[in-house]
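If you want the building blocks of each chain, they are given just below.
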Amino acid sequence: MEKNIQPIDPIAFSLGPIEVHWYGVIIGLGIALALWIAMREGERRDLPKDIFADLMLWAIPIAILSARLYYVIFQWDYYSQYPGEIFKVWNGGIAIHGALIGSVATAYFFTKSRNVSFWKLADIAAPSIILGQAIGRWGNFMNQEAHGGEVTRAFLENLYLPEFIINQMYINGTYYHPTFLYESIWNLLGFILLMSLRRVNLGRGEIFLSYVIWYSIGRFFVEGMRTDSLMLTESLRIAQTISIALIVLAIGLWIFRRVKGYSKVRYLEN
């Protein structure tokens, strides 16, 4: 029975010689929904109407470049020997931590140029970011990537997963942990949490820092299950190291901003 399982075609449709992959479609949908939510909330918080659309014009290409650069740096032993492969992003090799670093840095300088509070914009954007990540992981599902170690079909069935997910986790004769799903669910819960924190009316910057902490905790544990991790050493995964560093940094910034009084302005205050 299992020999007849066919994976989902990663190509959504073709436009002549151009093949449009589900991965790109899903990522695009995630970005569009995230942008729509951020723009609506930005208008409520008296930000310029098109500020998030303008920001995305810079943040998306820079995020893609920084995500690729991040991956190439930590795989330099390979790419130094095959430099022509550096630009072949369609073969894989996009790191979410690199994308986040690039997009946050872009947002910081963008807000400075627009004379807008970075922390205010980051708080508004935080739920959108994690929702986009939750949706984006389904692109990994379509590509049968970012999965965990080997499991049995019975294990997956005991998780009460729908048949299409179980079948898509059958790769080259073996079933694997759907770690894409674990992280997607964690991020969706994070979206609900961050939307709820808006009503709590935390200090400025604290919703964004909550996002950093929540996402990093989930990524740390999910990363430990994956089989395709970038490694710092033979036993130390880069994403887990970055996650711990981000948790410590976020908590430190939270305390520092409280002590200095930088978070006295509340989220619902302009």
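Structural notes, computed from the coordinates. (Residues numbered from 1 in each chain as written. Predicted model: local features only at pLDDT ≥ 70, side-chain atom pairs only at ≥ 80, totals over all residues. Heavy atoms only, no water.)

What follows is about a nonpolar patch on the surface. On the surface, I31, I60, I64 and I94 cluster together into a nonpolar patch covering about 290 Å² of accessible area. With respect to the helices and strands, I31 occurs in helix 1 (residues 22-44). (Patch = residues over 30% accessible without salt bridge, like charges linked within 9 Å, V, L, I, M, F, W, Y side chains within 5 Å. Areas by Shrake-Rupley, 256 points an atom, 1.4 Å probe, with all protein chains shown as cover. Salt bridge = Lys/Arg side-chain N within 4 Å of Asp/Glu carboxyl O. Helix = DSSP H or I, 4+ residues; strand = E, 2+ residues; numbered from the N terminus.)

The pairing of strand 1 (residues 11-15) with strand 2 (residues 18-21) spans 4 bridges and is classified as antiparallel. In the strand pairing of strand 2, I11 is matched with H21. In this antiparallel pair of consecutive strands, strand 1 and strand 2, the connection spans 2 residues, and G16 shows a positive phi of 65°. (Pairing = 2+ DSSP bridges.)

In contact at an axis separation of 8 Å, helix 9 (residues 206-223) and helix 10 (residues 238-260) are set at 155° when each is read in the N-to-C sense. Here helix 9 lies roughly antiparallel to helix 10, going by the angle between them. Viewed along their axes, helix 9 and helix 10 form a crossing whose handedness is left-handed. Within the contact between the two elements, helix 9 uses E206, L209, S210, V212, I213, S216, I217, R219, F220 and E223 and helix 10 uses A239, Q240, S243, I244, L246, I247, A250, I251, L253, W254 and R258. (Axes fitted to C-alpha atoms, helices over the stretch in contact; angles between N-to-C directions. Parallel < 35°, antiparallel > 145°, perpendicular 65-115°, else oblique. Left-handed = near helix turned anticlockwise from the far one by under 90°. Contact = heavy atoms within 4.5 Å.)

This part takes up the packing of aromatic side chains. Summed over the entire model, instances satisfying the criterion amount to 19 aromatic pairs. When the centroid spacing of 6.3 Å and the interplanar angle of 70° are considered together, the rings of Y71 and Y79 count as edge-to-face. In this structure an aromatic cluster arises from ring pairing among Y108, F109, F118, W119, F208, Y211 and Y215. One Lys or Arg, R257, reaches over the ring of W119 and ends 4.4 Å from the middle of that ring. (Phe/Tyr/Trp six-rings, centres within 6.5 Å; stacked < 30°, edge-to-face > 60°. Lys NZ or Arg CZ within 6 Å of the ring centre and 35° of its normal.)

This next bit is on unusual backbone geometry. We note that N172 has phi near 50°; this positive angle belongs to a residue other than glycine. By secondary structure assignment, the location of N172 is in the loop between strand 4 (170-171) and strand 5 (174-176). The backbone of N201 sits at a positive phi, close to 65°, despite the residue not being glycine. Counting through the fold element by element, N201 comes out in the loop between helix 8 (179-200) and helix 9.

What follows deals with the layout of surface pockets. Sizing a probe to match a water molecule and rolling it over the atoms shows the empty space that remains. Approximately 460 Å³ is the volume found for the second largest pocket. Where the lining of the second largest pocket is concerned, the elements lending two or more residues are helix 4 (96-114), helix 5 (118-142), helix 9 and helix 10. Element by element, the count of residues in the lining of the second largest pocket is highest for helix 9, at 6 residues. Classifying every residue of the lining of the second largest pocket by side-chain character gives 17 nonpolar, 2 polar and no charged. (1 Å grid on protein atoms, 1.4 Å probe; cavity = no way out; pocket = protein on both sides within 12 Å on 5 of 7 lines; lining within 4 Å. Points joined across faces, edges and corners; volume = space filled by probe spheres on them. Nonpolar A, V, L, I, M, F, W, Y, C, P; charged D, E, K, R; others polar.)

Summed over all chains, the structure comprises 1 cavity of 30 Å³ or more. As for the largest cavity, its lining consists of R45, K120, D123, R204 and Y267. Of the residues belonging to the lining of the largest cavity, the class tally is 1 nonpolar, no polar and 4 charged.

Strand order in this open sheet of 3 strands is 3-5-4, and the pairing throughout is antiparallel. Two strands close off the open sheet at either side, each with one partner strand: strand 3 (150-151) and strand 4. Note: strand 3 against strand 5, 2 bridges, orientation antiparallel. Bridge pairing in strand 5 links V151 to Y175.

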